[in-house]
Amino acid sequence: MSTLSFESLCLKDDDCPSPTQPHGMEDEFDTDLESDETEEGNKETSISEVYLQACRVVGVVPVSYFIRNLDSTTMTLSHHGLGPLGCKALAIALVADMHIDTLELADNHIQAEGAKYLVEMLRANFTLQHLDLSNNCLQSAGAEHVAKVLLDNISIKSMKLSGNGFTDDDAKYFADALTINSRIKELDLSHNEFRGKGGEHLGQLLANNEGLEVLDLSWNHLRMKGAVAFCAGLKVNMMLKHLDLSWNGFGNEGALAMGEALKFNNTLVHLNLNNNRLTNEGVGMLCRGLEFNDTLRVLLLAYNSLTVEGALALVHVVKNTPRTALEEINICNVLVNETFVHLLEVTCQEHPGLDVQYGGVGGFIAKKPPKRVDPMKVIQDYLDQRKLRLWDFFRNIDKDGTMRVPVADFRKAVQQSSIPLDRYQIEELIQRLDRDRTGMVDYRGLADTRKQMMRDHRRQLRKVESRQKKEKQKSDRILKTFQSAVEAVTPRSSMVISPGGAKEDSSGPQHFSATPLSSWHHIIMSNSSRYSVTNMSNEHVHLPMLGGTTPYRPTSSPAMRSYSQPNLLDDSPRSSPGKSISAQGVRSDPEMSNSKLSPTANHLTRSRPALNAKQPVVKAKTKKVKKKKTMKRPNKDSKN
């Protein structure tokens, strides 16, 4: 591929349409040009014209978002699929632009060729300060071009190069460039393929650079060898403040090297070591460096192989180091015990600004703290009782009167005051006043506390009333459904008829006894002539024969609720040979034993349709069956 010069980015005279040229080609692009626009409008229009002409020459489709947002200082063109040629047209348009200072080109697959066009553009453009080239498949050739940008350009302050497949050899380009360039402040090299040798080059970068403040190396492969070399450079660095080394597999050896670096480094404020295969032993080695460090404020150690032993070591370091600056320790996956909680409470009294995030207590997920009084209401009542204003209370930490203070200073001021707030309430208050996690608390929100509390209280009452009403309606529906089910099984109109004696007179009322279905507990029916209805009282009453002259009279026992009908054809050995005995002890006619049975006697639970209903006529078939049954036992009949 031929080299690209700055002149190649500029359009030739042949590429620009002449005044005598027909305007048919220009009509293909949507441009709104007015001759009497202001100078700034003409400038913006000229940049759009240059971009449209460049797209026509290169042979790509223009990005309308770029033309519509030329007046903005931030140009976000991520995920637009520009490719190398689209990046070339964009670079041609940005050569003379003096308005855009942030250019985001993440995920556009510009490759090394597109990076080369950007290098040529940045030789003339000194307005861009923030450049994002993440996930563009730059590879090693693109790393070399980007290193030239860092060498030549004097305006770039931050650059994101995440996910571009850089290797160990490519780390040398950045180390050489940043040894000279001290103007860039932020560099993102995450999600690349730096290993042991790359760690050595990056360690040299830290040792020699005097301007870099934020460095992101997460999701690389530094491992033990690269970690040791990198920490050696961190040991002598005097500018770096934020360092992200998560997902690099440091292990305990890397933790030992980091502890040694923290003994001498006095600038690092934020350190991220999440997911680095650290154990309790590695944390102990790291704590040896924390004993001598007085600048580190945030330490992230989440998702390492730590137990309560490592958590206790971290809290002990804070407790036993009076000059420590640690304000936040994140071990959110570690389960602790009551000893740790007690030690943390004691430590927080000595270091009010400390916040430790842990997973749970006693092997269980930590339960939500009990409902406490709204911390905003507590502060408001405190100020009202003493007739103070918010600014009067925070005057010592808010010198400028902007009502915005750092989180650590706010936490200290509240804990050292006489406001009755515990640690959980203070953290809840900080989360409400710093929702975006910017590290600054805007306590102007406390001014409208009372009105907001009243609105919240009324809203909470409405929620409680609505919930109680719904629960009552639900209970009523359940009870109604249950009652319907009960009535379906045991309706009140359904009665069990206990057959009595034959009616004395056809014209008089027929005597019968009725028992509700709910009084029966279990009914056993078989194909035999015996029917048994069993109750919990286990009491049985023999029913008289149908057609007898003596009417049935229920017994006086109130507990008697079940009845059994014996086989009317079998002779009981207890009865006298002369006459049968009824349930009431009244002797009946011996001829009753040979009387015809009514069909209703075969169904004990059959409902009676009417009081004056007549018994159906007995068929002859019943008599034949009866004779057959009587002939089976000739011996017993002869005895009777």
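(A) Fine view of the overall build of the protein. A count of helical and extended segments in the protein gives 20 helices and 19 strands. Taken over 640 residues, the protein has a buried fraction of 40%. Pairs at least 24 residues apart make up 77% of the contacts formed inside the protein by residues separated by at least 6 positions. For the protein, the exposed surface amounts to about 36500 Å²; the carbon and sulfur share of it is 52%.

(B) Representation of the pairing of strand 10 (residues 328–336) in the model. Here strand 9 (residues 298–300) runs beside strand 10; their pairing, made up of three bridges, is parallel. Its bridge partner lying in strand 10, Val-298 is registered against Glu-328. At this point the chain moves from strand 9, through helix 12 (residues 308–320), to the parallel strand 10, and the crossover so formed is right-handed. Where strand 10 and strand 11 (residues 355–361) come together, six bridges link them in parallel fashion. Bridge assignment links Ile-329 to a residue of strand 11, and that residue is Val-356. For the crossover from strand 10 across helix 13 (residues 338–350) to strand 11, the handedness is right-handed.

(C) Focus on the pattern of salt bridges. Following the criterion strictly, the structure yields eight salt bridges and no others. Notably, a salt bridge pairs Arg-411 with Glu-427, separated by 2.9 Å at the nearest N-O pair. In this pair, Arg-411 sits in helix 16 (residues 407–416) while Glu-427 sits in helix 17 (residues 423–433), placing the two residues 16 residues apart along the sequence. Here Arg-411 matches Glu-427 in class, with each residue buried. Note that Arg-432 is salt-bridged to Glu-428, the shortest N-O span being 3.9 Å. Here Arg-432 and its partner Glu-428 are both found in helix 17, four residues apart, which amounts to about one turn of the helix. Under the relative-accessibility criterion, Arg-432 is labelled partly exposed at 25%.

(D) The arrangement of the nonpolar core in detail. Ranked by size, the top nonpolar core spans 101 residues in total, and within it Phe-66, Met-159, Leu-161, Met-258, Ile-331 and Phe-340 carry the most contacts. It is helix 4 (residues 83–94) that contributes the most residues to this core, seven residues altogether. With near-sequence residues (within four places) excluded, Phe-340 lies in contact with Val-308, Ala-311, Leu-312, Val-315, Ile-331, Val-356 and Tyr-358. With 20 residues, the next largest nonpolar core counts Tyr-382, Phe-410, Leu-429 and Val-441 among its residues.

(E) Spatial organisation of the packing of aromatic side chains. On inspection of all chains with the given rule, the structure shows four aromatic pairs. Here the aromatic rings of Phe-166 and Phe-174 are separated by 5.4 Å at their centres, their planes lie at 50 degrees, and the arrangement is tilted. With a centroid separation of 4.3 Å and an interplanar angle of 15 degrees, the aromatic rings of Trp-219 and Trp-247 are classed as stacked. With a gap of 28 residues between them, Trp-219 in the loop between strand 6 (214–216) and helix 9 (223–236) and Trp-247 in the loop between strand 7 (242–244) and helix 10 (251–264) connect regions that are remote in the sequence.

(F) Quick peek at the packing of helix 8 (residues 196–208) against helix 9. Taken N-terminus to C-terminus, the directions of helix 8 and helix 9 make an angle of 0 degrees; their axes are 7 Å apart at the nearest point. In terms of their interaxial angle, helix 8 and helix 9 are classed as roughly parallel. Counting all contacts with helix 8, which are made through Gly-196, Gly-199, Glu-200, Leu-202, Gly-203, Leu-206 and Ala-207, the residues of helix 9 involved are Lys-225, Gly-226, Ala-229, Phe-230, Gly-233, Leu-234 and Val-236. Taken together, the residues that form the contact of helix 8 with helix 9 break down as seven nonpolar, five polar and two charged.

(G) A look at helix 17. Of all the positions in helix 17, only Arg-423, Gln-425, Ile-426, Glu-427, Leu-429, Ile-430 and Leu-433 are classed as buried. Lining the buried residues of helix 17 we find helix 13, strand 11, helix 14 (375–386), helix 16 and strand 14 (440–442).

(H) Geometry of the side chain of Asn-280. The topology assignment puts Asn-280 in helix 11 (residues 280–290). Here the side chain of Asn-280 touches Thr-307 through a polar contact of 2.6 Å, side chain to side chain. Leaving out residues up to four positions away in the same chain, Asn-280 has contacts with Ser-305, Leu-306, Thr-307, Glu-309 and Gly-310.

(I) Structural context of the environment of Asp-398. Looking at the secondary structure, you find Asp-398 in the loop between helix 15 (390–393) and strand 13 (404–406). Asp-398 sits in the buried class, given a relative accessible area of 3%. Expressed as a C-alpha distance, the spacing of Asp-398 and Asp-409, which sit eleven residues apart in the sequence, is 9.5 Å.

(J) Seen up close, the packing of helix 12 against helix 13. Put simply, helix 12 and helix 13 touch, their axes get as near as 10 Å, and they point 20 degrees apart. If you check the angle between helix 12 and helix 13, you find them roughly parallel. In the packing of helix 12 onto helix 13, the handedness of the crossing is left-handed. Contacts from Val-308, Ala-311, Leu-312, Val-315, His-316, Val-318 and Lys-319 of helix 12 reach helix 13 at Phe-340, Leu-343, Leu-344, Val-346, Thr-347 and Glu-350. In terms of residue class, the contact of helix 12 with helix 13 is made up of nine nonpolar, two polar and two charged.

(K) The arrangement of unusual backbone geometry in detail. A positive phi angle, near 60 degrees, is found at Trp-219, a position not held by glycine. Its identity is not glycine, yet Tyr-303 carries a phi of approximately 60 degrees, on the positive side. The residue Tyr-303 is located in the loop between strand 9 and helix 12 in this model.

(L) Local environment of the environment of Leu-217. Position of Leu-217 relative to the elements: it lies in the loop between strand 6 and helix 9. Taking the C-alpha atoms as reference, Leu-217 lies 7.8 Å from Leu-243; in sequence the two are 26 residues apart. Once residues within four sequence positions are removed from consideration, Leu-217 is found in contact with Leu-189, Ser-190, Phe-194, Leu-202, Phe-230, Asp-244, Leu-245 and Asn-248.

(M) Quick peek at helix 12. Here helix 12 spans 18 Å end to end across 13 residues, near enough to the 18 Å set by a 1.5 Å rise per residue. Listed in full, the buried residues belonging to helix 12 are Gly-310, Ala-311, Leu-312, Leu-314, Val-315, Val-317 and Val-318. Of the surrounding secondary structure, the elements contacted by the buried residues of helix 12 are helix 11, strand 9, strand 10 and helix 13.

(N) Looking closely at the confidence of the model for the protein. Mean pLDDT over the protein stands at 75; residues scoring 70 or higher make up 66%. Residue range residues 636–640 is modelled with pLDDT below 50. Its contacts to residues more than four positions away, or to other chains, number four contacts.

Cut-offs applied
Residues numbered from 1 in each chain as written. Predicted model: local features only at pLDDT ≥ 70, side-chain atom pairs only at ≥ 80, totals over all residues. Heavy atoms only, no water. Helix = DSSP H or I, 4+ residues; strand = E, 2+ residues; numbered from the N terminus. Buried < 20%, exposed > 50% of the residue type's maximum accessible area, 1.4 Å probe, protein only. Contact = heavy atoms within 4.5 Å. Areas by Shrake-Rupley, 256 points an atom, 1.4 Å probe, with all protein chains shown as cover. Pairing = 2+ DSSP bridges. Right-handed = clockwise from strand over helix to strand, strands pointing away. Salt bridge = Lys/Arg side-chain N within 4 Å of Asp/Glu carboxyl O. Core = buried A, V, L, I, M, F, W, Y, C linked by side-chain atoms within 4.5 Å. Phe/Tyr/Trp six-rings, centres within 6.5 Å; stacked < 30°, edge-to-face > 60°. Axes fitted to C-alpha atoms, helices over the stretch in contact; angles between N-to-C directions. Parallel < 35°, antiparallel > 145°, perpendicular 65-115°, else oblique. Nonpolar A, V, L, I, M, F, W, Y, C, P; charged D, E, K, R; others polar. Polar contact = N/O pair within 3.5 Å; in protein donor to acceptor, adjacent residues only side chain to side chain. Left-handed = near helix turned anticlockwise from the far one by under 90°. Expected span 1.5 Å × (residues − 1). pLDDT = per-residue confidence, 0-100.

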